[in-house]
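Architecture and fold: a report
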Amino acid sequence: MKKSSRSSIKRSKGRLTVIAGPMFSGKTGKLVAMVDVFTRMGHRVLIVKPKLDDRYGGGEAIHSHDHRSSRAIIVDGESAEQIVGKVLDSGVDKVILDEVQFFDREKIKKVVQVLKKKGYHVIAAGLLYDYKRQPFGATPDLLGLADEQLELFAVCQKCGSLAMHTERVGGGSAKQIEVGAADKYIAVCEKCHKVYK
Ligand code: ADP
Ligand code: MG
């Protein structure tokens with residue numbers, strides 16, 4: 001993109017908003033709604049998602065569990081500099097990163113810090129904890145760097161309380177990352193959460 005078109009966008013002061021919560025807490029749905037409002041306000045928004053998230057048919061879009069979607073670009077092994085380059089070339093002023101726990105931890109932290117310094121509003125959404133309640137990828141780090149934090153909760157599928165954890169139903173492999181939706185995971189509260197062997 002030419003320099004003139006980059007200079008006409010609305011960037012002012014860089015900012016990081018982090019949206020964290022378990023699966024089914026409405027993170028992606030919130031992002032889709034934010035894109036709609038930001039666009040109507042005249043902002044230009046780029047959604048970036050990791051290739052690993054291939055649920056609901058994958059493709060160049062983010063998809064919520066209740067089937068709302070928004071166009072996205074897919075990142076798969078690019079360097080931090082290349083990701084920043086894609087953002088610069090897109091002419092946006094707001095950058096959304098969904099499923100941020102799936103990106104390489106150090107790489108995505110660097111991307112966020114560079115973009116913030118350049119004046120972008122970055123909105124990162126992701127799981128704070130994995131199914132064992134261990135910190136998941138860069139989400140906890142980004143929460144520490146955030147200017148704004150939004151913590152979302154789901155409904156515990158065992159007792160109906162507020163759910164802040166994700167349970168891997170029936171175990172599966174011991175790997176931290178095993179991509180899935182309601183076929184593999186449920187949202188649960190602190191008391192009901194279990195880790196299966
Ligand atoms: P996230 O990106 O945080 O996984 P989504 O925005 O994709 O969440 O999906 C949220 C939607 O998931 C809700 O609006 C609701 O329709 C559905 N849902 C399914 N299970 C639950 C649950 N246990 N608690 C809350 N919402 C749930
Ligand atoms: Mg999601």
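Computed from a predicted structure; not experimentally measured. (Residues numbered from 1 in each chain as written. Chains lettered and ligands numbered in written order. Predicted model: local features only at pLDDT ≥ 70, side-chain atom pairs only at ≥ 80, totals over all residues. Heavy atoms only, no water.)

A look at unusual backbone geometry
Positive phi values are uncommon outside glycine, yet His-67 reaches one of about 65°. Here His-67 shows up in the loop between β3 (61-63) and β4 (69-71). Of the residues examined, His-67 reaches a relative accessible area of 62% and is grouped as exposed. A positive phi angle, near 70°, is found at Arg-133, a position not held by glycine. (Helix = DSSP H or I, 4+ residues; strand = E, 2+ residues; numbered from the N terminus. Buried < 20%, exposed > 50% of the residue type's maximum accessible area, 1.4 Å probe, protein only.)

Considerations on the sheet that holds strand β8 (residues 148-151)
A sheet is described by the order of its strands in space; here six strands give the open sequence β5-β2-β6-β7-β1-β8, paired in parallel fashion. Here the strands that pair on one side only, and so sit at the sheet edges, are β5 (73-75) and β8. Across the sheet, the axes of successive neighbouring strands diverge by a mean angle of 20°, strand direction being ignored. When strand β2 (residues 45-50) meets strand β6 (residues 94-97), the two strands line up parallel, connected through four bridges. (Pairing = 2+ DSSP bridges. Axes fitted to C-alpha atoms, helices over the stretch in contact; angles between N-to-C directions.)

Structural notes on the pattern of salt bridges
When charged atoms on two side chains of opposite charge get close, those side chains can pair. Scanning all chains against the criterion turns up 13 salt bridges. The salt bridge partner of Arg-133 is Glu-190, with a shortest N-O separation of 2.5 Å. With Arg-133 in the loop between β7 (121-126) and α5 (139-145) and Glu-190 in the segment after β12 (185-188), the pair connects residues that are 57 residues apart, well separated along the chain. Take Arg-133: its relative accessible area is 28%, and that puts it in the partly exposed class. Among the charged side chains, a salt-bridge network with shared partners connects Arg-105, Glu-106, Lys-109 and Asp-141. (Salt bridge = Lys/Arg side-chain N within 4 Å of Asp/Glu carboxyl O.)

Some thoughts on helix α3 (residues 80-90)
In an α-helix, one turn spans 3.6 residues, which is why side chains three or four residues apart end up on the same side. For α3, the full list of buried residues reads Ala-80, Ile-83, Val-84, Val-87, Leu-88 and Ser-90. Taken down its axis, α3 places every buried residue within 165° of arc, on the same side. With its phi angle positive at about 70°, Gly-91 sits one or two positions after the end of α3. (Arc of directions from axis to C-beta.)

So, helix α2 (residues 27-40)
Over its 14 residues, α2 runs 20 Å from end to end, which matches the ideal 20 Å to within 8%, given 1.5 Å per residue. Of the residues making up α2, those classed as buried are Lys-27, Thr-28, Gly-29, Leu-31, Val-32, Met-34, Val-35 and Phe-38. On its buried side, α2 packs onto β1 (15-20), β2, β3, β4, β6 and β7. Two residues or fewer past α2, Gly-42 is found with a positive phi of approximately 95°. (Expected span 1.5 Å × (residues − 1). Contact = heavy atoms within 4.5 Å.)

Thoughts on the site of ligand 1
Around ligand 1, a shell composed of 15 residues is seen, among which Phe-24, Lys-27, Gly-29, His-65 and Val-155 lie nearest. Gly-29 places a main-chain nitrogen or oxygen 2.8 Å from an oxygen atom of ligand 1. Notes on ligand 1: free accessible area 580 Å², of which the protein chains cover 76%. Those elements giving two or more residues to the shell around ligand 1 turn out to be α2 and β9 (154-155). Among the elements that take part in the shell around ligand 1, α2 stands out by supplying three residues, more than any other. (Near = heavy atom within 4 Å. Polar contact = N/O pair within 3.5 Å; in protein donor to acceptor, adjacent residues only side chain to side chain. Areas by Shrake-Rupley, 256 points an atom, 1.4 Å probe, with all protein chains shown as cover.)

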